[in-house]
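A look at the structure
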Amino acid sequence: MTITGLADLLDLQGLDLDIDRLLDRRQGLPELEERRIVQEEIDGLDAERSEAADRLRSLELDLDKSEGELEMLETKLKEHETRLFAGGMSARETEFMRLEVQSLRGQDEALELRVIQMLEDVEPVREEVAALDTRIANAVARREELDSMIAGEWKVIDAELARLEAAKKTVAEPIDPELLDLYEKLRRLKEGVAIAVFDHGVCGGCHMALSPSEQEQALAEEMPRCVHCRRILVA
Ligand SMILES: [Zn+2]
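Heads up: these notes are all about the structure in this document. Residues take numbers from 1 onward in each chain, read along the sequence in its written order. Given that this is a predicted model, residues contribute local features only at a pLDDT of at least 70 and side-chain atom pairs are listed and counted only at 80 or more, while totals for whole chains, interfaces and linings are drawn from all residues. As a rule here, side-chain values come from all non-hydrogen atoms in the structure, and water together with hydrogens is ignored.

**Some thoughts on the coordination of the zinc ion**
Quick reminder of the rule: A 2.8 Å cut-off from the metal defines N, O and S donors, relaxed to 3.2 Å for Na, K and Ca; water is not in the atom list, so some sites may appear incomplete. Geometry is assigned from donor-metal-donor angles: four donors are tetrahedral when every angle falls between 85 and 135 degrees, four are square planar and six octahedral when opposite donors sit over 155 degrees apart with all other angles between 65 and 115, and any other arrangement is irregular. Whether a residue is buried, partly exposed or exposed follows from its accessible area with a 1.4 Å probe, protein chains only, as a fraction of its type maximum: under 20%, in between, or over 50%, in that order.
Here the zinc ion is held by the protein donor atoms Cys203 (SG), Cys206 (SG), Cys226 (SG) and Cys229 (SG), which lie 2.2 to 2.3 Å from it. In this structure, the zinc ion is coordinated by 4 donor atoms arranged in tetrahedral fashion, with angles at the metal of 108 to 114°. Of the residues examined, Cys226 reaches a relative accessible area of 0% and is grouped as buried.

**Some points on the side chain of Arg225**
Put simply, the rule is: The way it works is that DSSP assigns letters per residue, a run of H or I at least four long becomes a helix, a run of E at least two long becomes a strand, and they are numbered from the N terminus. Charged residues are defined here as Lys and Arg on the positive side and Asp and Glu on the negative side; His and the ends of the chain fall outside this count. Here, a salt bridge means any side-chain nitrogen of Lys or Arg that lies within 4 Å of a carboxyl oxygen of Asp or Glu. Contacts are residue-level and defined by heavy atoms, with any inter-residue pair within 4.5 Å sufficient.
By secondary structure assignment, the location of Arg225 is in the loop between α5 (212-220) and β3 (232-234). As a buried residue without a salt bridge, Arg225 has its nearest oppositely charged side chain in Glu221, at a separation of 8.4 Å. Setting aside residues up to four positions removed in sequence, Arg225 forms contacts with Leu182, Leu186, Ala218, Arg230, Arg231, Ile232 and Leu233.

**Here's the deal with the nonpolar core**
Here is the rule we go by: Residues enter a nonpolar core if they are buried and are Ala, Val, Leu, Ile, Met, Phe, Trp, Tyr or Cys, with the set joined through side-chain atoms within 4.5 Å.
Counting 20 residues, the largest nonpolar core has Leu6, Leu9, Leu12, Leu180, Tyr183, Ile195 and Ile232 as its most contacted members. Counting only elements with at least two residues in this core, the list comes to α1 (3-27), α3 (91-172), α4 (177-189) and β3. The leading source of residues in this core is α1, at 6 residues. Those residues in contact with Leu9 that sit more than four places away from it in its chain are Ile175, Leu179, Leu180, Tyr183, Ile195 and Ile232. Counting 17 residues, the second largest nonpolar core, distinct from the first, contains Ala52, Val101, Leu132 and Ile136.

**Considering the pairing of strand β1 (residues 195-199)**
What counts here: We call two strands paired when DSSP finds no fewer than two bridges between them.
When β1 meets β3, the two strands line up parallel, connected through 3 bridges. Within β3, the position partnered with Val197 by the bridge is Val234. In sequence, β1 turns back onto strand β2 (residues 202-203) through a hairpin of 2 residues, with His200 there showing a positive phi of about 50°.

**Describing the sheet that holds β1**
Read across the sheet, 3 strands follow the order β2-β1-β3 without closing on themselves; strand pairing throughout is mixed. Every interior strand has two partners, whereas the edge strands, β2 and β3, have only one.

**Details of the environment of Pro177**
Considering the arrangement of structural elements, one finds Pro177 in helix α4. Here Pro177 falls in the exposed class, since its relative accessible area comes to 63%. Spatially, the C-alpha atoms of Pro177 and Ser50 are 59 Å apart, while their sequence positions differ by 127 residues.

**Here we look at helix α2 (residues 30-86)**
Spacing of three or four residues puts side chains on the same side of an α-helix, whose turn is 3.6 residues. Definition in use: Take the residue count of a helix, subtract one, and multiply by 1.5 Å to get its expected span.
For α2, spanning 57 residues, the distance from its first C-alpha to its last is 81 Å, which sits close to the expected 84 Å at 1.5 Å a residue. After α2 finishes, the residue Gly87 shows a positive phi value of roughly 70°.

**Let's talk about the pattern of salt bridges**
Under the definition given, this model contains 19 salt bridges. With its nearest N and O atoms 2.4 Å apart, the salt bridge here joins Arg49 to Asp133. Highlighted residues: Arg49 in helix α2 and Asp133 in helix α3, separated in sequence by 84 residues. Judged by its relative accessible area of 32%, Asp133 falls in the partly exposed class. Residue Glu95 is joined to Arg98 by a salt bridge in which the shortest nitrogen-to-oxygen separation is 3.0 Å. Here Glu95 pairs with Arg98, and both are found in helix α3, just 3 residues apart, close to one helical turn. Judged by relative accessible area, which is 39%, Arg98 ranks as partly exposed. In the salt-bridge network here, residues are joined through shared partners; they are Asp16, Asp20, Lys168 and Arg187.

**Section: α4**
For the record, the criterion: Within this analysis, the arc is defined by the directions that extend from the helix axis to the C-beta atoms. Polar contact criterion, stated in full: a pair of N or O atoms within 3.5 Å, where within protein one must be able to donate a hydrogen and the other to accept it, and residues adjacent in sequence count only if both atoms are side-chain atoms.
The first and last C-alpha atoms of α4 sit 19 Å apart over 13 residues, in line with the 18 Å expected at 1.5 Å per residue. The set of residues buried in α4 consists of Leu179, Leu180, Tyr183, Leu186 and Arg187. Down the axis of α4, the buried side of the element spans an arc of 130°, and every buried residue falls inside it. Seen from the buried face of α4, the exposed residues on the opposite side, beyond 90 degrees, are Pro177, Glu178, Arg188 and Leu189. Capping of α4 at its N-terminal end is provided by Asp176; its side-chain oxygen lies 2.9 Å from the backbone amide nitrogen of Glu178. Phi turns positive one or two residues past the end of α4, at Glu191, with a value near 50°.

Take a look at the structure:
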């Protein structure tokens, strides 16, 4: 193995480490973490809103029904009263109508009270749904803001990644495919560092010293490897 090949490999590793760092940064943006939290918040609020909206619908349905009943009751009451005021009925009919009007008035008052209570009950639920809508809208706006920040940062990172990938291709071209293969395998095993500078008897990968006899032995090999970590050594 020529020294040139190993020097190229060291350059390649420099590019690969830069790529690794960029990929880590790409996936580790603080905005991504905040977006996950905001999304969870939106999901929770959506569930809360759907539950509150169901409650509101049911209350409004009951209210509509009662208001309809009240309207009918009042119409009936008016009709009876009109007939009563018009007169011309027998004493028995008049007495029956009088009692009927009395009963209808009682029903009307009771129903009116119920409708008022229902109106009071429905109001806080309407407010609850409206408040949830506001919170959801705010969270969605924040998520959109984060999305655009993330997209902006990714655009810069991806352009840099493309540049590094292109540089990598150029650097890797003259390197022996077998050496590249070993390099890739070692990188996977050794936290991305397959080749290390050997300086003053110390391996730049594991930072351990090689004894004079170990150095002699390692450097005598066609491809010097650290006796401790097995990384490729380049002088
Ligand atoms: Zn080592």
